[in-house]
Amino acid sequence: MSSRSATDAWADGVVAAAILGSGRRAAPELPEALGGPGPAADSGTRLLDAATVLAAVRSVGAPDDAPMDPAPILEPGPAPAPADTLAPPPPRARQLLELLHATPAPVPVAERDLLVRHWLERAAACEVRVPHDLLPTLLERARATPALRPPLRPVLDARGRWLAAQHPGWSAVLADDRAASAPTDGSAARPDPAAWPHLSAPARLALLLDLRASDAAAERAAAAELVASTWAHDPVGERADHLEALGATLAETDEPLLERALDDRSVRVRGLAQRLLDGLPTSRRARRMAERLAPLLSRSGILGRRLDVATPPDPDDAGVRDGLTPPPRGTSRHDWWLATLVAGAPLAVLTTASGVDEAATYQRLPDPLRDAVRRAALLRRDVDWARAVIAVEGRPSGLLPVLPPAERTQHLGSGLARCRGASDLRDLRDLLAALPVPTDPGVAREAVEALHRVPPARLVLPPDTVHHLRDALVDAPPTVLARLTDLVRTDLPETTGRTLSTALQLLSLRRSISEALR
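Because the structure is a prediction, the values reported are computed rather than measured.

### Considering the packing of helix α17 (residues 333–344) against helix α20 (residues 367–380)
In the contact formed by α17 and α20, the axes pass within 8 Å of each other and the chain directions differ by 25°. Our classification of the angle between α17 and α20 gives roughly parallel. Our pair here, α17 against α20, has a crossing hand that is right-handed. Together, Asp335, Leu338, Ala339, Val342, Ala343 and Gly344 of α17 and Pro368, Leu369, Ala372, Val373, Arg375, Ala376 and Arg380 of α20 make up the contact between the two elements. Classifying every residue of the contact of α17 with α20 gives 9 nonpolar, 1 polar and 3 charged.

### Regarding the pattern of salt bridges
Opposite charge on two side chains makes pairing possible when the charged atoms of those side chains draw close. In total, this model carries 33 salt bridges according to the counting rule given. Between Asp263 and Arg321 there is a salt bridge, and its shortest N-O distance comes to 2.7 Å. Of the two residues, Asp263 sits in the loop between α13 (255–261) and α14 (267–277) while Arg321 sits in helix α16 (residues 317–321), which places them 58 residues apart along the sequence. The residue Arg483 makes a salt bridge to Glu449 at a minimum N-O spacing of 2.8 Å. In this pair, Arg483 is assigned in helix α26 (residues 478–488) and Glu449 in helix α24 (residues 441–452), connecting sequence segments 34 residues apart. Residue classification places Arg483 among the partly exposed positions, given a relative accessible area of 30%. Each of Glu259, Asp263, Arg288, Arg292, Arg321 and Asp322 takes part in salt bridges that share partners, so that together they form one network.

### A few points about the layout of surface pockets
Size it by volume and the largest pocket reaches roughly 480 Å³. Around the largest pocket, the lining is made up of 23 residues, and of these Gly323, Thr325, Trp336, Thr340 and Arg375 lie nearest the centre. Mapped onto the lining of the largest pocket, the elements with two or more residues apiece are α14, α16, α17 and α20. Among the elements that line the lining of the largest pocket, the one with the most residues is α14, at 5 residues.

### Quick look at helix α15 (residues 284–293)
Within the sequence span of α15, burial applies to Arg285, Ala286, Met289, Ala290 and Leu293. Seen along its axis, α15 keeps its buried residues to an arc of 140°; they face one direction. Along its buried surface, α15 packs onto α13, α14, β1 (297–300), α17 and α18 (348–354).

What counts, and where the lines are drawn
- Residues numbered from 1 in each chain as written.
- Predicted model: local features only at pLDDT ≥ 70, side-chain atom pairs only at ≥ 80, totals over all residues.
- Heavy atoms only, no water.
- Axes fitted to C-alpha atoms, helices over the stretch in contact; angles between N-to-C directions.
- Helix = DSSP H or I, 4+ residues; strand = E, 2+ residues; numbered from the N terminus.
- Parallel < 35°, antiparallel > 145°, perpendicular 65-115°, else oblique.
- Left-handed = near helix turned anticlockwise from the far one by under 90°.
- Contact = heavy atoms within 4.5 Å.
- Nonpolar A, V, L, I, M, F, W, Y, C, P; charged D, E, K, R; others polar.
- Salt bridge = Lys/Arg side-chain N within 4 Å of Asp/Glu carboxyl O.
- Buried < 20%, exposed > 50% of the residue type's maximum accessible area, 1.4 Å probe, protein only.
- 1 Å grid on protein atoms, 1.4 Å probe; cavity = no way out; pocket = protein on both sides within 12 Å on 5 of 7 lines; lining within 4 Å.
- Points joined across faces, edges and corners; volume = space filled by probe spheres on them.
- Arc of directions from axis to C-beta.

What follows is the structure, given as structure tokens:
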């Protein structure tokens, strides 16, 4: 008898036994297709067992009017998961990971992802795995947040990889793993220019950023080549976005594209290209700006110690193309055009005209030109001019990031110590924005103490500054975090108090994770 007819006959027998009663009709034994006879039991128990099996088969089997075939239902599933090789996390570490996925979460979503990533990285360093019952939660989070996939993969262990392979969405984590193991020579990593026109706008931006982050000069140059290949047909918004992506890591090889962008039909794109070219002192535009600026500079006075700056003439069409545009409302044309020339020309034009070094030249410049020098020094990462400006101003002037790390740390420590109250709040914000990530413990202590010296009601910090401070304090000693806790408990302005409180929560949880996964 076939498995189909045997199963149908068994089902009919179970129904008959249920109608007549097990005392009058014994329930038939399970056929081989359903597992075969079970252990010996009395007639009533055997009928109840058979009825349970029949109900389960019918609830997932064929329609009632179709012949019942349990074979597909009973096909073997995937092979069991292999044994794990990593140890489970310590109880305290497990509790913290559960807390990060509690409802409501202890921190906002963006900060929670940072903490989950830190937990996964610390777990990998300690060679422990994700708890089995949290595997679905983390795989689902990694499916929705690709940035969590690289740190999750090493701590999935055998069972986690087995589970991910059973789910189409979760298998993307493993797909990334397989892609990471593929050959990574320069030719394989370089994008195919033919694919560029067909990519979505977000995919294009991601590709540009990936190429500009490469150590290979050819790949960095390829980013500008890709943008140029579709420049004439791309929407204005995408053209501007592409220039901004390239501007994050500006290179001399970008000059041809930026020169082309000076003729763009969009005012926004032209202005962006002009500002980016300010960061390339060896470009053709820089030479053109130098040729316009040099005749306006002269020395006068006893021993030629005064630097005179003449009024620039009205620009021609070429000057307008290079950025000598009408000034904003309330700004004189003289100051606007001079500042544009100084920001765009090589700064050596100034020292050549003055005959003295950078610091002495800077002292002789009027304020509008000083602003232009500071902007150019920051864009070009010009260490000599940054040092000169800081020395003359006696304050960071936003240029500390340009200095070498050791020199920056020295300036940060002394500058923070000089911040004594609300009158120094502008300098304090500049110093906080220049903190390295992570920052030196001594500098971290000085930063928090400087915050305490500002009256709480006057301590207004932009959210971006607080976020940078949070990142800089990731390795700060517990005493520094305790002092930051004291500050949060004072009567701070609402926005500053809220952002500082969130930052402190993240720092405290991060430290707890680090201590639990040592």
